[in-house]
Amino acid sequence: MRRIILSISCVALLAALWGLWQCRFERTQGFPVWRLIDIRENAPPVPGVEWLGTEDHPIMRVAVDARNPVVATDFQIPGATAVKMLHLKFRLEARNLKRGKEKWEDGRFMVDWHDPAGMKNFKTDPVGSVVGNKQNGLENIVIETCGGAAVPSLRLENLGSSGAFEFSDLEITVVHERMLWKTGKWLLAIAWLAWGFFVIRSWPGISRWRALAGSAIWLLACMNFVVPGPWKVQRPMGENFNLGMEAPAVTIGKTPPPVGMNVGAVTAEGKMPVQGSFALQVKLLFAQARPFLHALLLFAPTLAMMCFIGKKPALWLSIILAIAIESAQAVFGYGFDWIDIMDLTCDAVGVWLAVWSYAMMVKRFCPHRIMPPHLG
C-alpha cells in the first residue's frame, strides 16, 4: 500500500511540476509584441539579406555567395528599452546551406544585449542555428541577460560556404517570472524532498537523518540535471509557455535606432562560448570525453547516496535519476536518438562503478561491519 501511495504521489508531483513550469513566465505589461514586420520596417539594406513573403507575413532570407562570402547583420527591436527576459517565437529553415570549415560556421540567430548607457554590446546569446536543408519547427523559448537589464537587438549570421536560411514567424515578448513560480518552486522542491525521504524509508533499518541526506543528494542532482536543468535557454514542456492574455497586434512603424547601437552589416561573432551550467559547459567543451563525463554524472551522486542509505535504495533513485535526465531532454524539445541511448549506457556504467566503489570502501574500511542486506 505504501508503494502504491508513493507511485500515485509521484504522478501528482509530476503533474504539479508540469503545470508550474508552463506558468513560469508571464507578459510584462507596457511592452508591445514585436513581430518580423516591425523588424522589416526598421531594417537597413544589407547585402545578402532579402525580404520574401507577403506584406503581412514577411520572411527574411540570409544567403552567402561569391559577392557576399559572409553575412552578419544586426537589427534593432524598434522602441525596445532595457529588459531582463525575452520570450521568443521564431522559425529557421536552411536552404542548401553548406557548413564552413568549422562546425559552428552555419546559419544562426542570436540576441545581442547592449548596455543602456552607451549601447555597447556586452553579451551575445546564441538562440538557434540551421545547416543543410533542415526545417526547424516553431521555436518557443525564453532567454535572459543573467545580469542587469539590457537593451536587446537581433543578430543573424550566415557563415556557411554556400546556401541560405530563412527566418520567419517571429514574435518577441518581454516577460518576467510569476510569483507563483518564485514561491511554488520551493514548495515543490520540499514536496519532492519528502517524496524521496519516504521512498528511502520504505526500506527498513534506515534512520531518518540518513534518509533525509540521501533524498537531498538525489533532489540536488535532479535540480541540476533534470528541472530546471543545466540549460541557459528555457523551453516549455510542450509547445508553449502560458504567458497569460495575448497582447493585441500593433505595428510599431519606423523608429530610429538608439544612439550608439550598430545596426545593419556588422562583424561576425565567430565561435561562441559554451553557455549553460558549469556541468553542461564541461560536457560540451570536452565532447570526446562525453561517455566518461556521463558516467561520472551518475557515479558521484550514486556513491554519495550509498554512503548514507545503502545500495538498494540508492540504486532505485539512481535509475529514476538517469531516466529523468534523458526524459527531460525529450520533453524540452532536445530530442531523443542513439546518442541518448549511449548516454543511458554510460549512466549504467557510472552506477555500476559506484556500486563497485562502495563495496571496496566497505571491505577496506568496515570489514567487520554487519548491515542489513539492502545496505550491503
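The coordinates are above.
Residues numbered from 1 in each chain as written. Predicted model: local features only at pLDDT ≥ 70, side-chain atom pairs only at ≥ 80, totals over all residues. Heavy atoms only, no water.

Caption draft 1: Molecular detail of the overall build of the protein chain. Counting its regular elements, the protein chain contains eight helices and twelve strands. The proportion of buried residues among the 376 residues of the protein chain is 47%. Taking as baseline every contact in the protein chain between residues at least 6 positions apart, the subset at least 24 positions apart corresponds to 79%. Element-wise, carbon and sulfur atoms account for 64% of the exposed surface of the protein chain, whose accessible area totals about 19200 Å². (Helix = DSSP H or I, 4+ residues; strand = E, 2+ residues; numbered from the N terminus. Buried < 20%, exposed > 50% of the residue type's maximum accessible area, 1.4 Å probe, protein only. Contact = heavy atoms within 4.5 Å. Areas by Shrake-Rupley, 256 points an atom, 1.4 Å probe, with all protein chains shown as cover.)

Caption draft 2: View of unusual backbone geometry. Here the bond from Val227 into Pro228 is cis, since omega is 0 degrees, no more than 30 degrees from zero. Among the structural elements, Pro228 can be located in the loop between helix 4 (208-225) and strand 12 (264-265). For Asn96, which is not a glycine, the phi torsion comes out positive at approximately 50 degrees. Here the phi dihedral of Asp169 falls at roughly 55 degrees; this positive angle occurs in a residue that is not glycine.

Caption draft 3: Seen up close, empty space enclosed by the protein. Throughout the structure, instances matching the rule amount to one cavity of 30 Å³ or more. In this model, the largest cavity occupies a volume close to 30 Å³. In this structure, the largest cavity is lined by Trp21, Pro228, Trp231, Val233, Gln234, Arg235, Phe332 and Tyr334. Class assignment for the residues of the lining of the largest cavity results in six nonpolar, one polar and one charged. (1 Å grid on protein atoms, 1.4 Å probe; cavity = no way out; pocket = protein on both sides within 12 Å on 5 of 7 lines; lining within 4 Å. Points joined across faces, edges and corners; volume = space filled by probe spheres on them. Nonpolar A, V, L, I, M, F, W, Y, C, P; charged D, E, K, R; others polar.)

Caption draft 4: Inspection of the layout of surface pockets at higher detail. For the second largest pocket, the calculated volume is near 980 Å³. Leu17, Cys222, Val226, Val227 and Pro228 are the residues nearest the centre of the second largest pocket, which is lined by 37 residues in total. Tallied by class, the residues present in the lining of the second largest pocket amount to 27 nonpolar, five polar and five charged.

Caption draft 5: Molecular detail of a nonpolar patch on the surface. The grouping of Phe336, Trp338, Ile339, Ile341, Met342 and Leu344 at the surface amounts to a nonpolar patch, some 600 Å² of accessible area in total. Tracing the backbone shows Leu344 in helix 8 (residues 338-365). (Patch = residues over 30% accessible without salt bridge, like charges linked within 9 Å, V, L, I, M, F, W, Y side chains within 5 Å. Salt bridge = Lys/Arg side-chain N within 4 Å of Asp/Glu carboxyl O.)

Caption draft 6: Inspection of the nonpolar core at higher detail. Judged by nonpolar contacts, the single largest core of 50 residues is most densely connected at Trp192, Trp195, Trp218 and Leu321. Of all the secondary structure elements, the ones that give two or more residues to this core are helix 1 (2-22), helix 3 (179-201), helix 4, helix 6 (290-309), helix 7 (311-331) and helix 8. When residues of this core are assigned to their parent elements, the largest contribution, eight residues, is made by helix 3. Leave out the neighbours within four places in its chain, and Trp218 touches Trp192, Trp195, Met305, Leu317, Ile320 and Leu321. (Core = buried A, V, L, I, M, F, W, Y, C linked by side-chain atoms within 4.5 Å.)

Caption draft 7: Fine view of the packing of helix 4 against helix 7. Between helix 4 and helix 7, the shortest axis-to-axis distance is 10 Å and the interhelical angle comes to 10 degrees. Between helix 4 and helix 7, the angle falls in the class roughly parallel. Contacts between helix 4 and helix 7 involve Trp218, Ala221, Cys222 and Phe225 on the former and, on the latter, Leu317, Ile320, Leu321 and Ile325. When grouped by side-chain class, the residues that make up the contact of helix 4 with helix 7 number eight nonpolar, no polar and no charged. (Axes fitted to C-alpha atoms, helices over the stretch in contact; angles between N-to-C directions. Parallel < 35°, antiparallel > 145°, perpendicular 65-115°, else oblique.)

Caption draft 8: Summary view of the pairing of strand 11 (residues 162-177). The buried count for strand 11 comes to twelve of 16 residues, which makes it a mostly enclosed element. Summarising the sheet, strand 1 (residues 25-27) and strand 11 pair through three bridges and their orientation is antiparallel. Bridge pairing in strand 11 places Phe25 opposite Glu177. By the bridge criterion, two bridges tie strand 2 (residues 34-35) to strand 11 in an arrangement that is antiparallel. Opposite Trp34, over in strand 11, you have Ile172 as the bridge partner. (Pairing = 2+ DSSP bridges.)

Caption draft 9: Fine view of helix 8. In this model helix 8 runs 40 Å from its N-terminal to its C-terminal C-alpha over 28 residues, within 8% of the 40 Å that 1.5 Å per residue would give. Burial in helix 8 covers these residues: Asp340, Asp343, Cys346, Asp347, Gly350, Val351, Ala354, Val355, Ser357, Tyr358 and Val362. (Expected span 1.5 Å × (residues − 1).)

Caption draft 10: Molecular detail of the side chain of Thr145. Within the secondary structure, Thr145 is located in the loop between strand 9 (139-144) and strand 10 (151-158). Only 3.0 Å separates the side chain of Thr145 from the backbone oxygen of Gly148, close enough to count as a polar contact. (Polar contact = N/O pair within 3.5 Å; in protein donor to acceptor, adjacent residues only side chain to side chain.)

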